[in-house]
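Here's the letter readout for the chains.
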Amino acid sequence: MNYAILVSVALFWMFAWFMNTRLAMLSPANPVVARAVNLFIPVLFGITLIVIWEGLARGLHIPQVLLPAPSSIWARITSSTGILWADFYQTFMKAVLAGFTLGCGSGFVVAIIVDRVPFLRRGLLPIGNLVAALPVVGIAPIMVMWFGFDWPSKAAVVVVMTFFPMLVNTVAGLAASSSMERDLMRTYASDYWQTLFKLRLPAAMPFIFNALKINSTLALIGAIVAEFFGTPIVGMGFRISTEVGRMNIDMVWAEIFVAALAGSISYGLIALLERAVTFWHPSYRA
Amino acid sequence: MRERQGPSWFFFDRLLPIGTVVLVIILLWYGFAVLLNAKFELDQAARAKKQISTMELVQKTMAQDRPVLPAPHQVATEIWNTTALKKVTSKRSLVYHGWITLRSTLLGFVMGTLLGIGLAALIVHSRVLDKSLMPWIIASQTIPILAIAPMIIVVLNAIGISGVLPKALISTYLSFFPVAVGMVKGLRSPDLMLMDLMRTYNANRSQIFWKLRWPAAVPFLFTSMKVAVAISLVGAIVGELPTGAVAGLGARLLTGSYYGQTIQIWSALVAAAVLAAALVIMVDLVSRLVTRHMGMAQ
């Protein structure tokens, strides 16, 4: 045990805690400063967590196989960028993107058809709601059997996982415009398609983006878990399951870091797009 | 449109449409089963240099040992055989494996819900925690947490913790997010007027919490618990994959995929689906009972 490290970690923790308490009490009048403070508080919290993690791992000499220190994870990330990129390319660029596009696209199209046919809406929607709650990742072994070890089987899992949230949300969104607004469209003598494109789809956008956000996480999970069931020797899920078996826990953390980065960036991009598309929504109007 | 009521509403707006869709799905399933399994039978016939009639072909595609897609009745038979006809303690019983999974699901769900409620209560009462912890809780939603499931299992195994707890921890990890986020929203849902009213009563923090915030948050709690219970089942199933497929529904999926036992995979899938639906319905029932008891039923 290394007391010097442990004590300095404790000191840093207390300092950061004190800083955050003071910062949280501030309520600056200047909006830019307020924003900076609100951004700085969670960042400091995150840094503190990493410092504590690093300090505990070093100070208590926690073995590498249990919990590698952040510094050794970072060293692993920088030293194996080639492998990480290859895995990312296989899992994200091929399986996730293809599956996400197909799943969300088909969910959207089916939702529009379902919306047109009330009978289908009554029949398909309860089933869609049910399926959205089911452990859909379970179909991974079947998809691997049908579509082979390479990325198409993972994309197929992602398609099935993303389809139902998109379907359910889009149908809910298409019902979001009020009857007053629809009546207004009717007084303008607009036909079904005009009402759809000019009123109902824009009104459905918050719901659709909600589904896209849910699906961006689901898609990554689906692709990674599907790789546990068989894959060529590349891919994030493959790397995680084999390196866990070889007790290279720092490599696993490196993959998790990449997955987290990919997940947050795609979520952020969707959120930015949402802001641009639904600028009219009350939650974005200052 | 004319509003239907009573039994006729139930028939026309529920039973008929849902029944039709389910029927179409089953028919499609049979169709695909014949289509996908036909290649194997045609190959067999060609190898034996025999001609088989279409009727024979269709019949054979539905009775294969390892079909590409088992027909619904094959899955139903397998489920019947492995639930009703096997002893519950038998390793081949689906009830046994389902129970293993259910156990860690429930343990994880309970721990996750308690953790989520606790965190939410802290966040609502502490400005520091709200500003520093909440962004991370939301950011962590974008991270594919399930990816760390194998690591948790193996690392905990390495330090001697095995059995139900590691899997339950994964479920906990997955299920506390929706509860924490929903409860923060719920505990903040009482509007300013109500909070001011409590203040005029000179209520202290804990009185405000138990008499206003908590009751107001109950509907939010149940909504997020429905999400949480479904996701903790997913966590338990995925948690069973890396342990080398010992027991549980996830293990059934994995051994099924190792040995090409498609019927076993499908029956494990159906069992998981039934379990998920039952859990969600149970939470829904409890929520109805509680909200009615609290006088909040619509």
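Residues numbered from 1 in each chain as written. Chains lettered and ligands numbered in written order. Predicted model: local features only at pLDDT ≥ 70, side-chain atom pairs only at ≥ 80, totals over all residues.

**A closer look at the overall build of chain B**
Line of reasoning, step 1. Secondary structure summary: chain B contains 11 helices and zero strands in total.
Line of reasoning, step 2. Ordering the α and β elements of chain B from the N terminus gives α-α-α-α-α-α-α-α-α-α-α.
Line of reasoning, step 3. Expected size for 298 residues packed as a compact globule is a radius of gyration near 19 Å; at 25 Å, chain B overshoots this value by more than 25%.
Line of reasoning, step 4. The C-alpha extent of chain B, read off along each of the three principal axes, is 90 × 65 × 35 Å.
Line of reasoning, step 5. Across the 298 residues that make up chain B, the buried fraction comes to 36%.
Line of reasoning, step 6. Within chain B, contacts between residues separated by at least 24 positions form 75% of all contacts whose residues are at least 6 apart in sequence. (Helix = DSSP H or I, 4+ residues; strand = E, 2+ residues; numbered from the N terminus. Rg over C-alpha atoms; globule rule 2.2 N^0.38 Å. Buried ≥ 20, exposed ≤ 12 C-beta atoms within 10 Å, placed from the backbone. Contact = placed C-beta atoms within 7 Å.)

**With respect to the overall build of chain A**
Line of reasoning, step 1. Scanning chain A from N- to C-terminus turns up 11 helices and zero strands.
Line of reasoning, step 2. Across chain A, helices and strands are ordered from the amino to the carboxyl terminus as α-α-α-α-α-α-α-α-α-α-α.
Line of reasoning, step 3. Compactness check: chain A gives a C-alpha radius of gyration of 24 Å against a globular reference of 19 Å for 286 residues, more than 25% above the reference.
Line of reasoning, step 4. By principal-axis analysis of the C-alpha atoms, chain A measures approximately 80 × 60 × 30 Å.
Line of reasoning, step 5. Taken across its 286 residues, chain A has 38% of its residues classed as buried.
Line of reasoning, step 6. Taking all contacts inside chain A whose residues are at least 6 apart in sequence as the whole, residues at least 24 apart take part in 75%.

**What to know about the domain arrangement of chain B**
Line of reasoning, step 1. Along its sequence, chain B is organised into domain 1 (6–69) and domain 2 (94–293).
Line of reasoning, step 2. For domain 1 of chain B versus domain 2 of chain B, the separation of C-alpha centres amounts to 37 Å. (Domains from an automatic or database assignment.)

**A few points about the packing of helix 9 (residues 192–227) of chain A against helix 10 (residues 236–245) of chain A**
All names here are of chain A.
Line of reasoning, step 1. Taken N-terminus to C-terminus, the directions of helix 9 and helix 10 make an angle of 50°; their axes are 7 Å apart at the nearest point. By the angle between their axes, helix 9 is oblique relative to helix 10. As for how helix 9 packs across helix 10, the hand of that crossing is right-handed. Counting all contacts with helix 9, which are made through Ala-223, Ile-224, Val-225, Ala-226 and Glu-227, the residues of helix 10 involved are Met-236, Gly-237 and Phe-238. (Axes fitted to C-alpha atoms, helices over the stretch in contact; angles between N-to-C directions. Parallel < 35°, antiparallel > 145°, perpendicular 65-115°, else oblique. Left-handed = near helix turned anticlockwise from the far one by under 90°.)

**Digging into the interface of chain A and chain B**
Line of reasoning, step 1. Opposite the 47 residues of chain A that make contact, chain B presents 45 residues.
Line of reasoning, step 2. When residues of the side of chain A that touches chain B are traced back to their parent elements, those giving at least two are helix 1 (3–25), helix 2 (31–59), helix 5 (118–132), helix 6 (140–147), helix 9, helix 10 and helix 11 (249–277) of chain A.
Line of reasoning, step 3. With eight residues, the top contributor of residues to the side of chain A that touches chain B is helix 11 of chain A.
Line of reasoning, step 4. Among the residues making up the side of chain A that touches chain B, the classes are represented as 35 nonpolar, 11 polar and one charged. (Nonpolar A, V, L, I, M, F, W, Y, C, P; charged D, E, K, R; others polar.)

**Considerations on helix 11 (residues 262–293) of chain B**
Helical geometry: 3.6 residues make up each α-helical turn, so side chains three or four residues apart lie on a common side.
Line of reasoning, step 1. Its 32 residues place the ends of helix 11 of chain B 46 Å apart at the C-alpha level, agreeing with the 46 Å of an ideal helix rising 1.5 Å per residue.
Line of reasoning, step 2. Backbone geometry just after helix 11 of chain B places Gly-295 of chain B at a positive phi near 75°. (Expected span 1.5 Å × (residues − 1).)

**Topic: the packing of helix 7 (residues 151–174) of chain A against helix 9 of chain A**
Residue and element names in this part refer to chain A.
Line of reasoning, step 1. For the pair helix 7 and helix 9, the least separation of the axes is 8 Å and the interaxial angle reads 160°. Comparing the axis directions of helix 7 and helix 9 gives the class roughly antiparallel. Where helix 7 crosses over helix 9, the two elements pack in a sense that is right-handed.
Line of reasoning, step 2. Residue composition of the contact of helix 7 with helix 9, grouped by class: 17 nonpolar, eight polar and three charged.

**A word on the confidence of the model for chain B**
Line of reasoning, step 1. Residues at a pLDDT of 70 or more form 94% of chain B, whose mean pLDDT is 81.
Line of reasoning, step 2. This prediction of the complex comes with two scores: 0.82 for pTM and 0.77 for ipTM. (pLDDT = per-residue confidence, 0-100.)

**Digging into the domain arrangement of chain A**
Line of reasoning, step 1. Each assigned domain of chain A is listed here: domain 1 (3–62) and domain 2 (77–284).
Line of reasoning, step 2. Taking only C-alpha atoms into account, the centre of domain 1 of chain A sits 35 Å from that of domain 2 of chain A.

**What about unusual backbone geometry?**
Line of reasoning, step 1. Positive phi, normally seen in glycine, also occurs at Met-247 of chain A, with a value near 60°.
Line of reasoning, step 2. Accessibility expressed as a C-beta count within 10 Å gives 16 for Met-247 of chain A, which makes it partly exposed.
Line of reasoning, step 3. At Asn-202 of chain B, a position not held by glycine, the phi torsion is positive, near 60°.
Line of reasoning, step 4. With respect to the helices, strands and loops of the structure, Asn-202 of chain B is situated in the loop between helix 8 (192–200) and helix 9 (205–239).

**Here's the deal with the environment of Ala-10 of chain A**
Line of reasoning, step 1. The residue Ala-10 of chain A is located in helix 1 in this model.
Line of reasoning, step 2. Taking the C-alpha atoms as reference points, Ala-10 of chain A and Val-131 of chain A, 121 residues apart in sequence, are found 48 Å from one another.

**Quick look at helix 7 (residues 164–187) of chain B**
All names here are of chain B.
Line of reasoning, step 1. Here helix 7 is 24 residues long and its end C-alpha atoms lie 32 Å apart, about the 34 Å a rise of 1.5 Å per residue gives.
Line of reasoning, step 2. Of all the bends found along helix 7, the most pronounced is centred on Phe-176 and spans about 30°, while Pro-178, a proline, follows it within four residues.
Line of reasoning, step 3. Here helix 7 lies mainly inside the structure; 21 of its 24 residues are buried. (Bend = angle between axes of the 7 residues up to and from the residue.)

**Structural notes on the environment of Leu-35 of chain B**
Residues and elements named next belong to chain B.
Line of reasoning, step 1. Considering the arrangement of structural elements, one finds Leu-35 in helix 1 (residues 6–47).
Line of reasoning, step 2. The class of Leu-35 is exposed, set by 12 C-beta atoms lying within 10 Å.
Line of reasoning, step 3. A C-alpha to C-alpha distance of 9.2 Å links Leu-35 and Leu-69, two positions 34 residues apart in sequence.

**Examining the environment of Ala-262 of chain A**
All names here are of chain A.
Line of reasoning, step 1. Turning to its location among the elements, Ala-262 is positioned in helix 11.
Line of reasoning, step 2. Spatially, the C-alpha atoms of Ala-262 and Leu-60 are 32 Å apart, while their sequence positions differ by 202 residues.
Line of reasoning, step 3. Apart from residues lying up to four places away in sequence, Ala-262 is in contact with Phe-88, Phe-92 and Leu-220.

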